[in-house]
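Observations on the three-dimensional arrangement
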2 protein chains.
Amino acid sequence: MKYQKIPEATIRRLSRYSRCLEVMEQAGEEVVSSAQLANRCMVNAAQVRKDLAYFGEFGIRGVGYYVKDLFNDIKKILGSNKEWRMAVIGIGNLGSALLSYKDFLKQNYKIVAAFDIDPPQVIGRVSEKLGKPVEVLHINRLKEVAKERRIEIGLITTPPSEAQAVADLLVEAEVRGILNFAPTQIVVPEGFVAKDVFFTTILDNLAYLLSNN
Amino acid sequence: MKYQKIPEATIRRLSRYSRCLEVMEQAGEEVVSSAQLANRCMVNAAQVRKDLAYFGEFGIRGVGYYVKDLFNDIKKILGSNKEWRMAVIGIGNLGSALLSYKDFLKQNYKIVAAFDIDPPQVIGRVSEKLGKPVEVLHINRLKEVAKERRIEIGLITTPPSEAQAVADLLVEAEVRGILNFAPTQIVVPEGFVAKDVFFTTILDNLAYLLSNN
DNA sequence: CAAATTTTGTGAAAGGAGTCACAAAATTGA
DNA sequence: TCAATTTTGTGACTCCTTTCACAAAATTTG
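So, here is what we can say about the structure in this document. (Residues numbered from 1 in each chain as written. Chains lettered and ligands numbered in written order. Predicted model: local features only at pLDDT ≥ 70, side-chain atom pairs only at ≥ 80, totals over all residues. Heavy atoms only, no water.)

In this section: the protein's contact with DNA strand D. Surrounding DNA strand D, one finds 25 residues, the nearest of these being Ser34, Arg49, Gly62 and Tyr65 of chain A together with Arg13 of chain B. Taken together, the sugar and phosphate atoms account for 68% of what DNA strand D places within 4 Å of the protein. The side chain of Glu57 of chain A places a nitrogen or oxygen atom 3.4 Å from a sugar or linking oxygen of DNA strand D. The contact in question runs from a phosphate oxygen of DNA strand D to an N or O atom on the side chain of Tyr65 of chain A, over 2.8 Å. Every element with two or more residues in the surface near DNA strand D is listed here: α3 (45–53) of chain A together with α1 (8–26) and α3 (45–53) of chain B. Of the residues forming the surface near DNA strand D, the biggest block, four residues, is contributed by α3 of chain B. Split by residue class, the surface near DNA strand D holds ten nonpolar, seven polar and eight charged. (Near = heavy atom within 4 Å. Polar contact = N/O pair within 3.5 Å; in protein donor to acceptor, adjacent residues only side chain to side chain. Helix = DSSP H or I, 4+ residues; strand = E, 2+ residues; numbered from the N terminus. Nonpolar A, V, L, I, M, F, W, Y, C, P; charged D, E, K, R; others polar.)

What follows is the structure, encoded as structure tokens:
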């Protein structure tokens, strides 16, 4: 396992394999071949093996992969075996949706704080749907609370005009991971990671495919 | 402009260029060079020119691109110049969020219908935030209403267990574009387009980057 | 009006990612 | 125990995407 740059596509696929393996494990399946896994995930069998090869040898020749072990190994690779503590900043519609997104969020991603800027009807409101209730706090408490609750990921759901300012606050609070839902590109310093989720890009993509088929 | 398969990455970047150009146009900028545009979008200048070259010649040598014209041309390419009429199926938290997502949705993507299965507290409820109010209807009216309101894109925000069934309904109703937010892979026949938005994949990606830096 | 400057459009080169094909390793069965 | 079978791990190949580099076209300047 000598070092190589790992393609982002590989990481995305690992996440997919992980989802499949979870289902298989729950279904009581014990062993899976690269061909079977590939089938379920709609990819090439060699692709599955190549992706895994970046990180080591997980299979047994002539047999395949032990579902349970592979599932754990992939989670370890992705870092999704640990619990990630997240904060939502901007409690409008999308922020509220995320706060009660139980069905969509895997158990290891926990929202443990929520912030907004002042609207009195929001501050202090409590979301109880996801395990422990989460109280909405004023944004000026971000730094203090981030430390206290060991927050590692911030979800930005403010209007675009505020997104970069919020990102700066998160950086200051040493929250190293940012997922930005506002339709504006976020910039963060070295050592931090920001991903933009552009809703519009996805729709534009769909529109293009619909227009040209 | 002879035919070539256009990479999906190109389409994603065009959407990005489009967003930048919109801002530039509003700022009153009239001309932009590939280098400037590339800078703003964090890509290579040759990349910008190559991407555009798939579709024709839009620039003037020695000058650059007219912001307004290029913006229009790209919208035409993407099919985002026309109005797209959408329906949300599954009015839980995420569905509700989408219904009032004004800030995040561009003007040409309009939600003109909302469906759910039976919960009486939801059916008949009206979302007014986005221009015209949208009443939540029972899912069994999907086919009829889809035709009536000329719906072209369906947004699936049901629990994962129902997602494929809803997709099948949309196919039956000849809604050709599907954006699926449920964490399960959707399959549609030839001639239809389905995109999955896996929230968890994005978070896994972030977790990986945070764990390995 | 011609030389200098700018910037596009594009062929060629470089770099990555995906697929193929097969040796190596494990198992099964006679 | 050994041949047949299965399936992994991986080098080689192919295909696709990005970057480079430069001729061609337009503008600006003296």
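More follows now that the structure is in view.
What follows deals with the protein's contact with DNA strand C. Around DNA strand C lies a shell of 24 residues, among which Arg61 of chain A together with Ser34, Arg49, Gly62 and Tyr65 of chain B are the nearest. Within 4 Å of the protein, the atoms of DNA strand C are drawn from sugar and phosphate moieties in a proportion of 66%. Residue Ser34 of chain B places a main-chain N or O atom 2.6 Å away from a phosphate oxygen belonging to DNA strand C. One of the backbone N or O atoms of Phe58 of chain B is found 3.2 Å from a phosphate oxygen in DNA strand C. Mapped onto the surface near DNA strand C, the elements with two or more residues apiece are α3 of chain A together with α3 of chain B. The element best represented in the surface near DNA strand C is α3 of chain A, accounting for four residues. Each residue belonging to the surface near DNA strand C can be placed in one class, and the counts come to nine nonpolar, seven polar and eight charged.

In this structure, the largest pocket spans a volume of roughly 1800 Å³. Taken together, 44 residues line the largest pocket, and the ones lying closest to its centre are Glu8, Arg12 and Asp196 of chain A together with Arg12 and Ile202 of chain B. Its residues placed into classes, the lining of the largest pocket shows 24 nonpolar, six polar and 14 charged. (1 Å grid on protein atoms, 1.4 Å probe; cavity = no way out; pocket = protein on both sides within 12 Å on 5 of 7 lines; lining within 4 Å. Points joined across faces, edges and corners; volume = space filled by probe spheres on them.)

Another point: the packing of helix α1 (residues 8–26) of chain A against helix α4 (residues 67–78) of chain A. Working note: a packed helix pair is described by the angle between its axes plus the distance between those axes. Residue and element names in this part refer to chain A. Orientation of α1 relative to α4, taken along the N-to-C sense of each, is 145°, at an axis distance of 9 Å. Seen along the crossing, α1 lies across α4 with a hand that is left-handed. Side by side, α1 and α4 meet where Ile11, Leu14, Ser15, Tyr17, Ser18, Leu21, Glu22, Met24 and Glu25 of the first sit next to Val67, Lys68, Leu70, Phe71, Ile74, Ile77 and Leu78 of the second. The class makeup of the residues in the contact of α1 with α4 is eleven nonpolar, two polar and three charged. (Axes fitted to C-alpha atoms, helices over the stretch in contact; angles between N-to-C directions. Left-handed = near helix turned anticlockwise from the far one by under 90°. Contact = heavy atoms within 4.5 Å.)

Okay, the relation of the copies chain A and chain B next. Both copies of the chain are related through a single rotation about an axis accompanied by a shift along the same axis. Of the two same-sequence chains, chain A is brought onto chain B (RMSD 0.1 Å, axial shift 0.0 Å) by a rotation of 180°. Put plainly, the chains are arranged around a two-fold axis. Across chain A, the rotation axis passes nearest the C-alpha of Ala97 of chain A, at a separation of 3.0 Å. (Least-squares fit on C-alpha atoms with pLDDT ≥ 70 in both.)

This part takes up the nonpolar core. Formed by 47 residues in total, the largest nonpolar core has its most connected members in Leu155 and Phe181 of chain A together with Leu155, Leu179 and Phe181 of chain B. Per element, the largest residue contribution to this core is six residues, and it comes from helix α8 (residues 199–211) of chain A. The residues touching Leu155 of chain A, leaving out its near neighbours within four places in the chain, are Met86, Ala87, Val88, Ile89, Leu98, Ile111, Leu179 and Phe181 of chain A. Membership of the second largest hydrophobic core comes to 23 residues, among which are Ala167, Leu170, Ala173 and Ile178 of chain A. (Core = buried A, V, L, I, M, F, W, Y, C linked by side-chain atoms within 4.5 Å. Buried < 20%, exposed > 50% of the residue type's maximum accessible area, 1.4 Å probe, protein only.)

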